[in-house]
Structure formats: structure tokens, C-alpha cells
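# Coordinates in review
Spelled out, the chains give:
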Amino acid sequence: MSKELWPILSLSAVLTVGIVIAGQVFAQEVEALEEPVDLGTLVLTPERRPIAPLDSTVGLTVVDPDEALSAGTARDPIGELARRTPNLNFVNGGTTGQSFISIRGIGPFGEPINSQDTALGFFIDGVPTTLLGYQAQFLDVDRIEVVKGPQGALYGRSTLGGAVNIIPTLPGIGEPNRLRFELGSDGYALGELVAETLSSDGRFGGRFALRASAFDGDIGAPFISGDVNATEILSFRGSVTADITENFSAEFSTFYNDDRRNNPLFVLRDGPNFPSSGTDIEPRSDTTNAFGTLRLTYSADLFDVVSTTNFQRNEAILRADSTDALLFGFNAGVPSLLFNDPNIDFSNRSLDEDVFFQELRVVSREGSPIDWSFGVSYLEVETDCDQELYSRRPNPAAPVTFIDTSTRTLSISSSTTTSIFGDLSFPVTDRLRASASARVAFEDQEFSGSSTTITSAAPFPIVTNDDAETSDTDWSGRLGLLYDLTDDSRLYFNVARGYSSEGFQSATSPVTVFPAGSNLSFEAGYRAKLLDERLFIDVTGFYNDVENAPFTELVDFTNFIFDVRTQDYTTYGLELQANYQLSDTWELYGAVGLQRAQRGSSNSTDPSVLSAKRVPGIPDVTAFLGASYRDSLAPLGLPGDFELTAEIQHVGDRAGNLRNTVTLDRYTLVNARAGWAMPNGAELYAFVQNATDERYEASGFSFPPNAEGVVVGPGRVFGIGFSMEF
């Protein structure tokens, strides 16, 4: 069967069954709803205290992972989250530590300088992590809150553009234990177990989740006789809760994630048999994350005291071919085989990172007319890096000869951040509520590194040592207003200042300290429940003015000398999110994000960078539309319900690099799922992700004079799944 038929057959198989069954049931029973459908009364924590979605004073998107990240998404959970969130974009840099997200056009400028150069906060149950923690699977997650705009006052350091908070499920929700399996194309497989137990009096509970998934790879690699872009992922999450006394409770959670991939750094754009990798070694991008969090809560009459303690261990082992044979052969106009030597032009890199976080927060009790909180926090991050680079370059002093060079770099960087913060929300009138928050952070950072270079052009090794330290004090804050137009509609306005931390660029010699960045942000929005509460709508406009965004610039291509530059830029745009309960059986949902990210002044010395206008990696348009259907199969004489979900995700074109010489194509993905939910809690379903097998460009690079390289997103996966409760 030809490859071109798979998109048609896979999507048709899911949708045809859905249309036939849905049509028969719908034809037999079409009636108006007699009562409003409850769209849900979620209690969220975007402002670090329980709040209903309608009453939040910040830009917010909430994603339910059971609906969004269920079938076939284990390979790319962050990408799936981004495509469901307006103006959130995931830039896959091809390897751990180089992939990142942007919110409303704000993120690492071009690519991250180090694992803490995020410009956005990424949190697991309110605890910050670094770029090495982005690989974590969304396992047994209650919800994902994407909070937009500067959030430093509430969430801490480097939340210049917003924060993503992954909130796990805790014991006591009363759901049955669950077992799930999926099998699909290209060796895709997943198994998952979730179970919990509660004491008879409900005071003690335990819950654990285990998931294993695998994928064989979908990018050809002719020089190593196999496919790359394969994954093997093992994840575990466990939690224990205890109501020790009437006023004192404890919660301990742990998370472990072992993510192994052999994805290449990049492939030749539009090359033969695209996507095809010219790597001559087996690439590696292996990441391990281990988290442990203890949360203690004491409840007094007027306030709660919450202590959160977290330890993290993040490890990464990276191996890559620096000269993809297909790309470099095309660029030089010579046969690719000339670059096919596994003993030269490759890199090995290992990263070991320890994170400690402690926060003590005092919060007003829920229902208080004046909501307030204040506290202190301490964050410590230590990163050890061991990197080896092997290269061969033409010898300019002796034609037809080469210079072989190996460089090993060892470095240790550490940072500590101590913060004090406070937040206040109070009524001004019966309909108007004001809020204010602020944080002051004191940061200390140190770096120590050494580099040893052995080259055939020099008789002795070249050894360099670098030591640096820096300290900084910065602040972030937010002022907001919330106005009740009616009982079911709100207007809100925010002005906020955020900052991103200073840091070290170890690729420069001597090591360079890049400055702190800042963002002044304005946001206004409208939220409402309409049509008898069947429709929830959220419209937001925003403007950001970012200063001192750091980036690395190659100032000497021959000798590979780098320096740190800064860039000012502005972003502005609109967001629309909506959820419409059409009937008891049909639900429509979607979002559209429109944004512009335009560059201003920079201290770059590269004329091409100075003349470029677009911020790299930022699409002007993101859009998402979905429909779900669920109804009884009783009219067909079958037990249980039929379920159908279909979604379309669109991402606009993006500038691929700092010079704007590469433009990444826009793309559209189609996903679908159809299943039979049985009365005993079992479900049998079919699914397809990326039904049209769109090999979209996740990031891009320019290789002068002739070539462009891209990181390619996951291809199509289709398969079947089965889940059961016990």
C-alpha cells in the first residue's frame, strides 16, 4: 500500500465509524436541552490561591490532559500543549536543554544560553524546574494552567512572559483504578497503570501512576542503517497525603522520568527522502528527572501556613554528529560520503543538575473578603557540565591537509535566589475588585570552568581556566482590576513588570555574564458565561515591552568565537478562547492567537542581525478547533456510549534564525479519536495523531552558503487503545 494512502485511510477509519453511529443516534433523538449544561466549576490556582476561572485577574488557559493528551501524544507532550494554547509556541531545538517554549512572543531569544535561560516559568505542582525538566511526561495530571504575562510576583524568578504549572492528581478524588494500553504504527506502544487507596476514615491516602512508552523512529538514517527519532520513556508518579490532626496535613509526592531518544540535531531541509538524517553515529538525547516534594499545611482560624520543600535531580547525556553528511555534502557541493566518518566532527555532553527549593507561604483562608498572601522562598541550582568536541578542519597553511582538534570542557555553575513576596486582592466597590502583588529577589551566581584543547596544529595542549561570579537584586510586580459587568461576565486589566535573571555564557572565553532582562506588560480582557451558561468565552489583548533579551552571537566563524549580545523587542496581540456545550452530546471548543513580535535596538555587531525584524520562533497566528460527541448506544442495542473527538491545530510561519534568513513553513495537524465506552468503565478506541503526516519544521538553522537545516516534528501515528477500571 502506498504511503500517500495512509492519511486518507487512517482518518477515514476513525471518522466514518463516528459519523455512521452518531448520525443514526442523532436522527432518532433530536431535542432541545431542558436545563443548562454545567460547564464545570473548576477551582484553579493561577494566582496561587483557589479561584474560579471567571474570577481570575490574569490571562489564563487551562488544559485537561485527559482530553488533550490522551492517545498517541507521549512522544511530544509539550508540543501538544502548545498547539492547544493560543500564543504558546514550543521550539524543538533538537536536543535536551535547547528546546523551550514562548508565551505571547516571549522566551529565550533564538536559543537558550544555559538551562536557566527560560524567560518563562515551568512548574510542577508549584515548584520551579529548569530546561532539563521540560522532558517530564504529563503523567496522572489533574490539569495544566498556562498563566500569561509577567508572573514573577506570584511564581518567582525568570517568569518574564508567563508560567506553566503542571498540577498532578492527588489521592482522594474517588476515581477507580485504571489500566490503559495503546498500540500503533511505527512500533508505537504505551502501557499505563494508575491506582489509589484511602483509609476507611479518609484521613490517609496513597496514589501512584506508572507509564512506559516506545516508538521505533520515523526519520531515515542511511549511514547507520536504521531509523532515528525513536523514543523509550518510563515514568512514575507517587503521592501520599495525611490529615494528621484537624488543623495539620502533610503531602509527599515523587516523580521519576527516564526519557531516551536518538533524535538528530537537524536534517537537510527539503533533501532527498525528506526527512532523512546524514548522521554517521547513533545520536543520543537521554534525560532523567527525579523529583521529591513535601508540602505541610497548618490551618488557623484566619489563615493557612504552607511549607513546600523540593529536591530535584536532572541528568542529560547528549551525543550528536556535528556535520550531518547529507547537509554538509549538499552545502559543499561534494558527495555526502566525504563527511561520513564516525571518528571526527561529533560531540559528547553530560549535564548533572541538582535543584533545591523551599518556600514558606502564609495565605488567607478561602472565602475571606480580602485575599492576601506573603512569604519567603529560596532556590538553589547547581549544574555540572562535561563536554567533548571532536572536529577536523582544512589546514589553511597546507592545502589538502587537515587539522584535528579535540576539546574537553568541565564547568560548574551555581545560583541561589532568595525572595520575599506578597499579594493582596480586595473589593473597591460591590462590582470592582483590585489586586496587587510584588516580589524582591536577591541572586548570587558563580561559575568555574576549565578547557583543554589538543590539536595537531600545536605541540602542547592548550589549557584555559575561567572563574566568574555575579550578584543582582531585582523586583517584579503586578497591579490588576476586575470588574463584574454581570453575575456571569467580567472585565479585567493588568499592568505588570517581570524580570529574567542574569547568567553565564560558558561558550565564550573568558566566560561572559549576560545582564538581567525585563518586561513591562499591559493586558485587558473579557470573560463571560453566556447562553444559559452553555458558552464560556475569554478575549484578551496584550502588549509587552522587553529589554535586554540575551543571545549568543558567533563573532568569528573561522575560530568559532562567541559573544553575548542583547536585544530589545515588543510583542502585542489578541487571544480568543471559547467552549460551547451545543447539546447534551456535542461540545465545541477552540482558540485563536494573533501576535506580532518586532525587534528594536540591539548591541549586535552583525548587520544581518541588526536589519532583521522578526523575533525568531514566534508565529503570527496559532489556532485550534475541536469537537467532541458522546451519546448512548442503546438505540443500536449496545451497552455504553459512543465517543468521538476531532481536532485541527494550526501554527503560522516563523522566523527560523536570528538573521531571519530562514522562514519555517506554517503547518496544520489533524487528530481524531473514536471509542466505545462501556458501562463497566472499560473503553476500546482508535486514534490518529497528525493524520496527514505533516512533517512540520519545529526549528531551523542556516548553513551558508547553500544549505538550511531543520528539526522535524513527529510524523503520523495511528493505532488502537484499551482502558479498563478496577
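Residues numbered from 1 in each chain as written. Predicted model: local features only at pLDDT ≥ 70, side-chain atom pairs only at ≥ 80, totals over all residues. Heavy atoms only, no water.

### What to know about the overall build of the protein
Within the protein, the regular secondary structure consists of six helices and 38 strands. Projected onto its principal axes, the C-alpha coordinates of the protein cover approximately 85 × 65 × 50 Å. Taking all 726 residues of the protein together, 54% fall into the buried category. When contacts within the protein are restricted to residue pairs at least 6 apart in sequence, long-range pairs at least 24 apart make up 67% of them. On the protein, roughly 30,400 Å² of surface is accessible, and the fraction owed to carbon and sulfur atoms is 58%. Looking at the protein, you have 50 positive and 98 negative side-chain charges, and the mean spots of the two groups are 2 Å apart. (Helix = DSSP H or I, 4+ residues; strand = E, 2+ residues; numbered from the N terminus. Buried < 20%, exposed > 50% of the residue type's maximum accessible area, 1.4 Å probe, protein only. Contact = heavy atoms within 4.5 Å. Areas by Shrake-Rupley, 256 points an atom, 1.4 Å probe, with all protein chains shown as cover. Lys, Arg positive; Asp, Glu negative; His and termini not counted. Charge placed at Lys NZ, Arg CZ, Asp CG, Glu CD.)

### Quick word on the sheet that holds strand E15 (residues 267-268)
Spatially, the three strands line up as an open sheet ordered E15-E37-E36, and their pairing is antiparallel. Two strands in the sheet have a free side with no partner beyond their single neighbour: E15 and strand E36 (697-703). Two strands pair when backbone bridges link them, and E15 and strand E37 (residues 707-712) are joined in this way by two bridges, in the antiparallel orientation. Within E37, the position partnered with Val267 by the bridge is Val710. Across the sheet, helix H5 (residues 325-332) is in contact with E15, E36 and E37; its angle to E37 comes to roughly 160°. (Pairing = 2+ DSSP bridges. Axes fitted to C-alpha atoms, helices over the stretch in contact; angles between N-to-C directions.)

### Side note on a nonpolar patch on the surface
A cluster of nonpolar side chains, namely Leu481, Phe493, Leu520, Phe522, Tyr543 and Tyr572, defines an oily patch on the protein surface of about 520 Å² accessible area. The topology assignment puts Leu481 in strand E22 (residues 462-486). Here Leu481 falls in the partly exposed class, since its relative accessible area comes to 38%. (Patch = residues over 30% accessible without salt bridge, like charges linked within 9 Å, V, L, I, M, F, W, Y side chains within 5 Å. Salt bridge = Lys/Arg side-chain N within 4 Å of Asp/Glu carboxyl O.)

### A short note on the pattern of salt bridges
Counting across every chain of the model gives 48 salt bridges. For Arg207, the salt bridge goes to Glu196, with nearest N and O atoms at 2.6 Å. Placement of Arg207 in strand E10 (residues 204-215) and of Glu196 in strand E9 (residues 189-198) is noted, with a sequence separation of eleven residues between them. The same class applies to Arg207 as to Glu196, namely buried. One salt bridge in this structure joins Arg260 and Asp286, with 3.7 Å as the shortest N-O distance. A residue pair is termed long-range when its members are at least 10 positions apart, and Arg260 in strand E14 (residues 248-261) and Asp286 in strand E16 (residues 284-299) qualify at 26 residues. Linked through salt bridges whose partners overlap, the residues forming this network are Arg178, Arg180, Glu182, Glu192 and Arg211.

### So, the sheet that holds strand E6 (residues 141-148)
In space, the five strands of this open sheet follow the order E1-E6-E7-E4-E5, with mixed pairing throughout. Each edge of the open sheet is held by one strand with a lone partner, namely strand E1 (59-63) and strand E5 (127-129). Averaged over all neighbouring strand pairs, the angle between strand axes comes to 25°, with direction disregarded. Sheet topology places strand E4 (residues 121-124) next to E5; three bridges connect them, and they run antiparallel. Counterpart to Ile124 in the pairing with E5 is Val127.

### Quick word on the side chain of Ser583
With respect to the element layout, Ser583 can be found in the loop between strand E28 (561-581) and strand E29 (586-602). A polar contact of 3.1 Å, which involves the side chain of Ser583, links it to the backbone nitrogen of Trp586. (Polar contact = N/O pair within 3.5 Å; in protein donor to acceptor, adjacent residues only side chain to side chain.)

### Details of the pairing of E10
The pairing of E9 with E10 spans ten bridges and is classified as antiparallel. Bridge assignment links Leu198 to a residue of E10, and that residue is Gly205. Hairpin connection of E9 to E10: five residues between the antiparallel strands, including Gly202 at a positive phi of 75°.

### As for a negative patch on the surface
A contiguous patch of negative charge on the surface is contributed by Asp186, Asp216, Asp227 and Glu232. Mapped onto the fold, Asp216 is located in the loop between E10 and strand E11 (219-221).

### Looking at the pairing of strand E8 (residues 178-184)
Sheet analysis places E8 next to E9, joined by six bridges and oriented antiparallel. In the strand pairing of E9, Leu183 is matched with Ala189. Count of turn residues in the E8/E9 antiparallel hairpin: four residues, of which Asp186 carries a positive phi of about 55°. Two elements, E8 and strand E38 (residues 717-725), share seven bridges in a ladder whose sense is antiparallel. Across the sheet, Glu182 pairs through a bridge with Gly721, a residue of E38.

### A short note on the packing of aromatic side chains
For the structure on display, the rule yields 21 aromatic pairs. Each ring, one from Phe356 and one from Tyr378, has its centre 6.2 Å from the other, and the planes form 55°; the classification is tilted. One end of the pair, Phe356, is in strand E18 (residues 346-364); the other, Tyr378, is in strand E19 (residues 371-394), with 22 residues separating them in the sequence. Relative accessible area serves as the criterion here: at 25%, Phe356 is assigned to the partly exposed category. Looking at Tyr378, the relative accessible area reads 27%, which means it is partly exposed. Taking the centre distance of 5.7 Å and the plane angle of 40° together, the rings of Phe447 and Phe504 count as tilted. Remark: Phe504 occurs in strand E24 (residues 503-505) and Phe447 occurs in strand E21 (residues 432-455); sequence separation between them is 57 residues. Across this residue pair, the class does not change: Phe447 and Phe504 are buried. Chaining the aromatic ring pairs together yields one cluster made of Phe266, Phe328, Phe339, Phe701 and Phe703. The ring of Phe215 has Arg75 sitting right over it, with the charged end atom 4.1 Å from the ring centre. Across from the ring centre of Tyr685, 4.0 Å away, lies the NZ or CZ of Arg673, which sits over that ring. (Phe/Tyr/Trp six-rings, centres within 6.5 Å; stacked < 30°, edge-to-face > 60°. Lys NZ or Arg CZ within 6 Å of the ring centre and 35° of its normal.)

### Describing the nonpolar core
In this structure, Leu81, Ile101, Phe122, Phe138, Ile144, Val164 and Ile166 are the most contacted members of the largest nonpolar core, which totals 24 residues. Of all the secondary-structure elements, those providing two or more residues to this core are helix H3 (77-83), strand E2 (88-91), strand E3 (100-103), E4, E6 and strand E7 (162-168). Every residue in contact with Val164, bar those within four places of it in the chain, is listed here: Leu81, Ile101, Ile103, Gly121, Phe122, Phe123, Ile144, Glu145 and Val146. Counting residues in each nonpolar core, the second largest holds 13 residues, with Phe109, Ala119, Ala549 and Val615 among its members. (Core = buried A, V, L, I, M, F, W, Y, C linked by side-chain atoms within 4.5 Å.)

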